[in-house]
Each structure stands twice: as C-alpha cells, then as structure tokens.
Amino acid sequence: MNNEEKKEIEGYARIVLDNMFHFAGLLDLKGRIKFINKPALEAVGMELDNLMGINFWESNWFQTSKENVNLQKIFIKSALEGNFIRADIEVYGKNNGKDKIITDYSLTPIFNKDKEVIFLLAEGRDITDKKNLEKELEEKNKNLESLIKKNKILSEQQRDFFSNISHEFKTPLSLIIGNIDLYISSNFNHEVPSEISSIRQNALSVLSLVEEMLELSKIDDGRITTNFNETDISEIIQKVISGFYSLACHRKISITTNFKDPIIASVDKNKLITIVTNLLSNSFKMIPDGGSINFETEITEHNQFTIKISDDGPGIPDSYKEKIFDRFQTGSSSFKTYHSSTGLGLAIVKEYCDIHGGDIELHDRKPYGTVFTITLPFREVNTLSSGINMGEAEKYSPPPSPFKSDILAGTPVKAATPYRVDSEYILIVDDNVEVADLIARSINKHYNISICYNGQEAWEIINQEQPLLILTDLMMPVEDGLSLINRIKSDSHLKEIPIIVLSAKKDEEARMNLLSGYVDDYITKPFFIPELISRVRNTVELYKSKKIIQKELSSHNSDLSVLIKQLIDARNELQVANNTQKNMQYRMNAIYKSSSIGIAVIDQSYNFVDINPFLCDLLGYSYGELIRKNIFDVTYDKDREITKNRLEGLTDDTINNYNHEKRFVSKDGKIIWTTASAFAIPSNENESSLLIGIIQDISDKVAMQQSLEESRRDMEHFSRVSTVSEFASSIVHELNQPLSAIVINSKACENWLIRSDIDSPEVIHSLDLIKYDAIRSSDIIVSIRNYIKKSKPEYSYCSLSEILGDVIKIITPELRLHGISFILPHISEKLKTYIDTTAIKQVFINIVLNAIQALQSQTSDSKQISISINNINNKIEISIIDNGPGVSPDKLKNLFQPFSSTKKSGLGLGLSICRGILEEHSSTLSYSENSPKGAIFTFHLNSE
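Here the structure is a predicted model, which means the values were calculated and not measured.

Asks: Got a minute to help me understand the packing of helix H8 (residues 269-286) against helix H10 (residues 345-355) in this structure?
Replies: Packed helices, taken two at a time, are described by their axes: the angle between them and the distance between them. Packing of H8 against H10 leaves a shortest axis separation of 9 Å and a crossing angle of 145 degrees. Crossing of H8 over H10 shows left-handed handedness. Residue-level inspection shows Lys271, Thr274, Ile275, Asn278, Leu279 and Asn282 of H8 in contact with H10, the latter providing Gly345, Leu346, Ile348, Val349, Tyr352 and Cys353. Residues that form the contact of H8 with H10 fall into these classes: seven nonpolar, four polar and one charged.

Below is the structure:
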C-alpha cells in the first residue's frame, strides 16, 4: 500500500469520526490522546495539535472536579485490562469549555487477533437534555401524584357539594311549591291564574333536574342501590305510557305497543321505569305534533329480552350517534328538537342499562325516524350485576366455551387465521381444565393450540412435534411443571424451546431461580389477559427471530472460514509492508463495529452496501437481511420523500449537508426516531460514488418528551376534572330558565292581585316568599356561573377611588341593615391601576359580603369593617379587615378551595372565585388573623 492509499483510508476514518454527533477519540496503551473528533474539539475550543500525546484525564473535559479526574484514571486502567466502561459523567462540553454537560460516556477496549488491547475508543453522548427531561418528568410525576391526591380530596368535596347544592336548591324549591299549594287550597273557589300554575311547573322542573344531578353523582361514586324483583315488563311500559297520555292527546301523538311475548323478568323496577320514561320523553322531544311512537318487546337468544322504542321523527345524524349517550349532549346544535333538554336523560338510561348487565343501541328507522333497542338479561331474583357496589354479587355463569369440543388433550385447536401452519403450535400444560380453556381462548385467535393436563402428557407431545412455546403450571399431578422444565432443558434438541410459567405460587425466590436460566417468563395467577397475550406474542416473536439469525449464521460459516484464512495468508505475506495499514484497519473496524451509533454505506441507488452491528441491532435485522434492502425499505413512509430529496441533493451537490431528524421502521414495525447525517465519497477509477450515513438513536429522548407531554395532559385533565365546571356549565342555563320564569310570574301575580278584588295578606306574603326563594336559588346559579366562567379579562387603567365608590354603593344597604360601620381611608384620584374593572369589583364585594355574614352572628355594638391601602414600590397593597370571629383552624387548609365554605350554609365558591381573578392579575389572595380577633384578607395590584 502506497502513502496515498494510507492517507485516503486515514482520511475516511477521520471523516467518520468527525461526522459523529458526539465525542469520539482514540487513546494509546498509556491513556494518552491519539485522536479526538471535530465536535468534541469545538465544544471546548481547542485544537487537536495541542492535545496530542497528553494524558486523557488531564484534558479540559474532565476538570470539573478532582473526583472526576481520579475516576478517569480508574476507568482507563480498567479498560486497558479489557473491561468495557460505561457511566453518566459531568464534563465541560459547551461554550468553549466553560459550561458543563452530562454525557453518556464509554471506554471500549479494541483487541487485535491475539486478544490483546491495542488502543481504547472513547465516546460520549450529550444527554443533558435527556437528564433534564427525566428530572422534569420526575417532577411532573410528583406533581401528578399530588394532583391525584388533591383530585381525590376534591372528589370528596364535590360529593359534599352535590349534597349541599341539593339542600340549597330543595329547600327554596320546596317552599315555592308549598306556598303555591297553600295559595291554591285557600283560594279553591277562585280560578287559579295561569301564572301560578307556571310557577309550580317550573319549580318541579328544577327539582327534577336536581334529582338527575344527584343520581349521576351517586352512580359516579358507586353509591347507587338496587332492588331486583320479578316484574311484568309490559305492565311497566303501559304504566309509563299512561303518564304521557294527556300530553300525547294535546300534541296528537299516537303511542302503540306490540308485545310479542309475555316477559316476566327480575329487574330494578324503579330504574326500568326511569329508562322507559326517559326514552319516551326523548321521543316526544324529537318528533313533531301528529307523529307516532311504538313500543315492542321480544324474547331473544342467549337468555335475553329486548325493548324497542321507535318514532317517526327526523332521526339523529350519524355524526351525533356516537356521543348520544354522553352526558350533556342535547343535540340542539346538531339536529332539530322540539323541546329543550339538559342532555342527562339518555346518559342515565345508559348507566341504568349497564347496572342491569344490559346494553342500549341506536339505529335508524326506515324510511325515517329513530329506534332505541334495550337488551337486558334474564336473571335470578335478587341477583345483581357485577362491578358496581350495590350489595349482593351476581352469580354469573359464563356461556359454554365454543372451543370445549376441540380442546382435547394433545389435540391442536385450529387458529382463527387460516394461513397458519398446523405444526407451529403453542402447548398449554395445566391440570385445571377451566384455566387451560381460558388461556386457549385468549390466544387461540393468533396461534394453534394444544392442551395437556400434566407434565408426562406434555413430554410425549413435545417429543413428537416441538412447539413454538410452552405455557405450563408448576403444581400438577403425575409429573409437575418443575420436572417437565428440567427434562426439556436437559435435552440438547429441546432446550431452546421458550417456556412461560403460569403459577399461583407467589414464591419470589423460586421465581427468580426459574427466570435466571430455565424459563423465559413467569406470570403469577390470577393473570391479566391482555398482559398474557402480549407476553406470549413477544416470547414467540423473539424465538422466531433467534431461529432466523441462527440459520443465517450457520449458512455463512463456511464462507466466513475461507475469508478469514485468505485474510491471514495475505497479512502474513505483507506483514512488514502493511503494519500501518493494519493499524488503520483496526481503528476503522473498531469505530465501525464498537460505536454506539449506526453507520451505513449506501450506493447511488440507495441500496445498503455495508451496515455496522449497532444499526442492525437498532433496526432488528440480521446483517444478511438488511444488506439486501434499500434505505427506503426501512424508512418511515411519511419521511421517505424528504429523505429522497435530501439524498439526491447531496449526490448532485445541490445541498452542502444532510443532517435532520428522521424515522426508521424496525423489523417488528416499531418506529425509531433518529438524528441522521450523511456525506458523499466521490467516485474513483475503481468505484462509483458512495454515501456514508451516521445514525444516532434518539427514541429515548422523543419518548421522554412524549411522556412529559402525556404527563402535562394528565395534569390538565386532573385540573379539569377537579371541578364540576363542565357539569355546571351544562345545567346553569337549564336551572336559570325556570327560576327566571318563577320570578316573572310572581310579579305578574302581584299585578293581578292589585287589579282583582282579593284582599289577602296571606296570599301577598306567600308571593313575597316565592319571589325571595326563587331569587335565592338564582343567586346560587350566579355563584356557579361566576366560578366556571372562563372569559378573557378586559384590562384598562382605572382609578381605585372610582372602583371603591361603586363597591360602597352596592354594600351600603347590607351594612346599614346589620349595623356595621365601614372605614375607608382617603384615596387619591391619581392612584390608578391596570385591571379588569368588573372582576376586581367582584373581589371587593365578595370579601366584604363574607365579612358582613361573619359579623351577623356578633352581638357586640362595635361591628366594623375597614379597608387599608398602601402604595409600595409600584404595588398597591389592599387589606380588607373585620373584627368578626375569624376563620377556625380546621377551615384554613381548604379556605380557597372550591366548595369549601367557612359558613354553615353556602356553596364555598366566593373566595375561590376571588383567588382565580387575582391570579389572572398576577396576584394572589392571602389570609391572616386580626388582633385581637377577626380576619384580614390581603392582595396586591400594580399601580400605574
């Protein structure tokens, strides 16, 4: 080899090293630097000439600490003894060696043919981002765990909230209905105004909606109770229909029935009535006047019966069918309905069907209309469906297995996929017939199955035809699983068969002993079916891949032996002349085979010419499989076009560099994220031009980012579900509408009384009470609406004195009513702040009204509320102070949490709303005790 050829080989070696994305270097047998690649030099701002020959541990990278320097000495000594070294260490690696990074560092000893170390290959990948992501993910997971705990607390608070809101609504609604009934009974000889009837009807509507809310809350919490009894299904349907008779007559809607079979079934009567009522009510909302509704019942297969409710309305669009049973889906924006809805009725129907162990489906009626089909099982009296906390557990018997007749000892079961070869089967060994049957049914769709009931039967079948996998129990008669495993592993022809143990034995020591060299996996009973399927699939695919690789290696053994002999002969003949070439070949081979990045050589047609072991392992192919492929065969389909364009540009010199993130697809279909770089080797007299690709696996980094994103979404999810905003926003309008009608009709009744000759103080008092309680209920709605409101703040510069002037006008009547003095300091009109005026007024009003309510219980004559204002460093500190009882210690922890109230009654939303508003203004709300008694609430605003 002449000098030019030597330089050319050495040049290619440097090109490969320099194109690596991370640190790479070569060290001699004393740990001195022989070569460092360009990225590593640029990171510390040094030249190779200044580093050649110095001790590796004395280089700038490791001067982060004395411990790091000493650690390098230990690493190099160990590597020179033939050990591979790998560790995460901190080095100087950015900003000309001023900034520290974390690297995945390794030292690989490179051996000659006599197994002597000839030099060390040092590599280091910057994993700072990955470590930061891991740290951030760990922090996010901690936050997520904290949010889960908070969510659990909030869930309990929501449960209390529903109980409280039930009381808050039911009390005034009961009073409204009671006063109306009192009025009607005392004026029975007078015609009752339509407005009075409207008030009662709207109050009943609100009460019904509250009951629906509470029922869903019970279902969510697993607190629902059931009472199953033998019931005539047609009798329930007729009873429900009779309740709609007058409405059907009014709207000229016909309701017909077709009971094909008499059905007596064990059901929860009240819940079935609710199911039928809600579905019939839904049909009334869907169809126009003059339409028709039909009920049909029928006994079907599998010990079940159906109830069908069909109508001739306009039907439901396909786009809406999937979510029709979701909560709060009213459909008003997707298709025409003839009456408003809360979107809770069908959701309750679905939940009640589930409780019965049944199902409900929606279909189109030809030529138009809708059909709801309820399918419920026949059951024994007083049995309950499983999975819900309702008392007794259901005695459920699974249907007979369709595989029982086929699954006989040693008899293969035909797989669902017809192309499978009968000889490739999985052997299940378990003395429990039902367990064996369950396992077979779980994996039967993917593999042929054979079943044995003890180790002796299994041994006989295995010797006839080797299975792909053996799933075996340990405790069995005749011959147990341990004995079977020992016999298989002692047989040279059978020992490679993979084995998975399925055992109820929870002996960790025995499990570890088996996994250490006898079996491929160990699954404890009871097992999770999806996990079992996944583990079986992975074990089988691994076994198949292993067999393919072994076959490939055996087919190339003879060729490889000849090639090695030729190489040895050639080296003996040219030993003296080619010493330099040998060293360079060792270096190139070491870099090529030992590097922890992928290296590939491709030709002008983008076919693989050579691939290093790392890339083969990364893509899951053997060298023989991959060498016959094109680069695009293993490129993710969405990345093929951009890869092709860039490689063509690199070949025809229209682009100067190729360096981008791309996705490969491994043999098992897994998508692998990489950072890929490529450079061209020009053609010469003997060879056409080639491309060399450098591929770094960044799947961990991408997975970490995705995991971080999932964690973020989980936190958003828990943050969202931690409140009832979605629930409340859907019912606010429905609740507010009838309450508004009650108030309006109350005023109309007052006007009617003035014009009539009725002079009844009791009637007037009753109407006053109705108005008061309706307004009280409406105030609850306002509190919920304010809590869930997500409108964008409207900021403007405003004088603080103007804001407080408006607040005083609103609170003055309450202050006078309760004899509370109010102290406000002089505020300059020039003191302005950039705020959402309406929102900040609400903060003042909420806190002051809280103070007024706290002071109501005080008997002292000196009840007082004051506001303190200080302007410090462009921050306006505002404190609202009272001399009431203050906040009890047991309330402080959740003081600003939603649904946590310091009062005996109330929703507990006021302070939570205030804190939310102030957080929008980059502030917060804090509480402290007033001396000698009382409360101080403090917040800050930015001054102009």
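Right, picking up where we left off after that structure.
Asks: I would appreciate a short explanation of the packing of aromatic side chains in the present structure.
Replies: Between two aromatic rings, the relevant description is the distance of the centres plus the angle of the planes. A full pass over the atoms with the stated rule returns 14 aromatic pairs. Relative to Phe62, the ring of Phe56 lies with its centre 4.9 Å away and its plane at 75 degrees, an arrangement referred to as edge-to-face. In terms of burial, Phe56 and Phe62 fall into one category: buried. The ring of Tyr352 carries the charged tip of Lys271 above its face, separated from the ring centre by 5.5 Å. Seen from the ring of Phe664, Lys662 lies directly overhead, with NZ or CZ sitting 4.2 Å from the centre.

Asks: Teacher, can you tell me more about the pattern of salt bridges here?
Replies: When the charged atoms of two side chains lie near each other, side chains of opposite charge can form a pair. Summed over the entire model, instances satisfying the criterion amount to 16 salt bridges. As a salt-bridge pair, Asp104 and Arg86 come within 2.5 Å of each other at their nearest N and O atoms. Residue Asp104 is located in strand S4 (residues 99-111), and its partner Arg86 is located in strand S3 (residues 85-94); the two are separated by 18 residues in the primary sequence. Judged by its relative accessible area of 10%, Asp104 is buried. Residue Glu625 is joined to Lys667 by a salt bridge in which the shortest nitrogen-to-oxygen separation is 2.9 Å. In this pair, Glu625 sits in helix H18 (residues 623-626) while Lys667 sits in the loop between strand S20 (658-665) and strand S21 (671-681), placing the two residues 42 residues apart along the sequence.

Asks: How should I be thinking about the sheet that holds S21 in this particular structure?
Replies: One key point about sheets: their strands pair by backbone hydrogen bonds, in either a parallel or an antiparallel sense. Spatial strand order, S19-S18-S22-S21-S20: five strands in an open sheet with antiparallel pairing. The open sheet has two edge strands, strand S19 (608-611) and S20, and neither has a second partner. Ignoring which end each strand starts from, the neighbouring axes of this sheet average 30 degrees apart. The sheet contact formed by S21 and strand S22 (residues 690-697) spans eight bridges and is antiparallel. By the bridge assignment for S22, Ala676 is matched with Ile695. Here helix H19 (residues 640-651) sits on the sheet in contact with strand S18 (598-602), S20, S21 and S22, set at roughly 140 degrees to S20.

Reading guide: rules and limits
- Residues numbered from 1 in each chain as written.
- Predicted model: local features only at pLDDT ≥ 70, side-chain atom pairs only at ≥ 80, totals over all residues.
- Heavy atoms only, no water.
- Axes fitted to C-alpha atoms, helices over the stretch in contact; angles between N-to-C directions.
- Helix = DSSP H or I, 4+ residues; strand = E, 2+ residues; numbered from the N terminus.
- Left-handed = near helix turned anticlockwise from the far one by under 90°.
- Contact = heavy atoms within 4.5 Å.
- Nonpolar A, V, L, I, M, F, W, Y, C, P; charged D, E, K, R; others polar.
- Phe/Tyr/Trp six-rings, centres within 6.5 Å; stacked < 30°, edge-to-face > 60°.
- Buried < 20%, exposed > 50% of the residue type's maximum accessible area, 1.4 Å probe, protein only.
- Lys NZ or Arg CZ within 6 Å of the ring centre and 35° of its normal.
- Salt bridge = Lys/Arg side-chain N within 4 Å of Asp/Glu carboxyl O.
- Pairing = 2+ DSSP bridges.

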